[in-house]
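What follows is the residue order along each chain.
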Amino acid sequence: MENRLFEINTEKTTKVEKLCLWVKDDGSAEVIRISPMELLVGFDEIKAITFSTSIQAIFEVFGRFKDIEVLIGFEEDQTVEISKLYSEIMEMTKPFIMQATLRNVEIYHLPNCHKKLYLLGKDGEVKRAILGSANASKKAWANNQGEYFVVVEEPKLIQELLL
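Here's what I pulled together on the structure shown here. (Residues numbered from 1 in each chain as written. Predicted model: local features only at pLDDT ≥ 70, side-chain atom pairs only at ≥ 80, totals over all residues. Heavy atoms only, no water.)

**What about the packing of aromatic side chains?**
Cut-off, in case you're wondering: What counts as a ring pair is set by centres within 6.5 Å for rings of Phe, Tyr and Trp (its six-membered ring), and what kind of pair is set by the plane angle: stacked under 30 degrees, edge-to-face over 60, tilted for all other angles. Here a helix means four or more residues in a row that DSSP labels H or I, a strand means two or more in a row labelled E, and each is numbered from the N terminus.
According to the stated counting rule, one finds five aromatic pairs in the structure shown. Centroid distance phenylalanine 62 to tyrosine 118: 5.7 Å. Interplanar angle 50°. Geometry classified as tilted. Of this pair, phenylalanine 62 sits in helix α1 (residues 55-62) while tyrosine 118 sits in strand β6 (residues 117-122), and the two are 56 residues apart along the sequence. A ring pair is formed by phenylalanine 62 and tryptophan 141, whose centres lie 6.1 Å apart and whose planes are at 75°; its orientation type is edge-to-face. You can see phenylalanine 62 sitting in helix α1 and its partner tryptophan 141 sitting in helix α3 (residues 138-142), a full 79 residues away along the chain.

Here's what the structure looks like:
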C-alpha cells in the first residue's frame, strides 16, 4: 500500500503503530494497534483542539484536508505574538491555496486549553472523533512517541463529545 498520506517523508519516518481503543458505529469496541495517520484516511474535513503551538506541525499532519479548523490551546502565562502566528499561518497556507487543494483554513487560539480532540468529517457531517494524548504534531502522529488514541464512530457518543 502506497503511503501518500500527508506526504510524509518515509525515508525519515517509519510507520509506527500505536495502541488504539476503537468504538465502532454499532457500539462495539476493540483494542488494536494502528498507525495513527491511517485513522485520518477517507475524510476531507477536520476540526481539532490541540495544545500544539506550531502551525507547521499542524499542516504536516492535517495538510491534505480540504477544510481545517483548529483551536490551539496556550498556557495562560505563555506570551504568543499573534502577528507572528498569523504570518506563519499565511505562509503555510499559500501552497495549498495555489494548488486549489484547500478550501478553508481557520486557526484560533485559546488560553488554558489542553484538550486534544479531532473531529473528522465528510460532506459536512462528523463521522469519527479521535481523542487521546496526541497533539497535532508529526512526532505525535507519525513517530515513535508514546501516545494513545481513542477512536469513536458511534453516533451518540460523537454527539456527546460535541456538547
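Past the structure itself, the notes keep going.
**A closer look at the environment of glycine 124**
Selection criterion: The buried label goes to any residue with under 20% of its type's maximum accessible area, the exposed label to any with over 50%, and the partly exposed label to all in between, with areas taken from a 1.4 Å probe on protein chains only.
Here glycine 124 shows up in the loop between β6 and β7 (125-132). Taking the relative accessible area as the measure of exposure, glycine 124 reaches 64% and is therefore exposed. When the C-alpha positions of glycine 124 and isoleucine 46 are compared, they lie 10.0 Å apart, and in sequence the two are 78 residues distant.

**Examining the pairing of strand β3 (residues 45-50)**
It is a general feature of regular strands that their side chains alternate between the two faces of the sheet. How we decide: Strands were regarded as paired on the criterion that DSSP finds at least two bridges between them.
Burial within β3 is extensive, with five of its six residues counted as buried. Pairing of β3 with β6 involves five bridges; the strand directions are antiparallel. Considered in β6, the bridge of isoleucine 46 is made with leucine 120.

**Description of a nonpolar patch on the surface**
In plain terms, the rule: Excluding any residue in a salt bridge, patches collect residues exceeding 30% relative accessible area, merging like charges within 9 Å and nonpolar Val, Leu, Ile, Met, Phe, Trp and Tyr side chains within 5 Å. We get accessible surface area from the Shrake-Rupley algorithm with a probe of 1.4 Å; when it comes to residues, only the shown protein chains can shield them. We define a salt bridge as a side-chain nitrogen of Lys or Arg found within 4 Å of a carboxyl oxygen belonging to Asp or Glu.
The grouping of Leu19, Leu21 and Val31 at the surface amounts to a nonpolar patch, some 260 Å² of accessible area in total. The class of leucine 21 is partly exposed, set by a relative accessible area of 35%.

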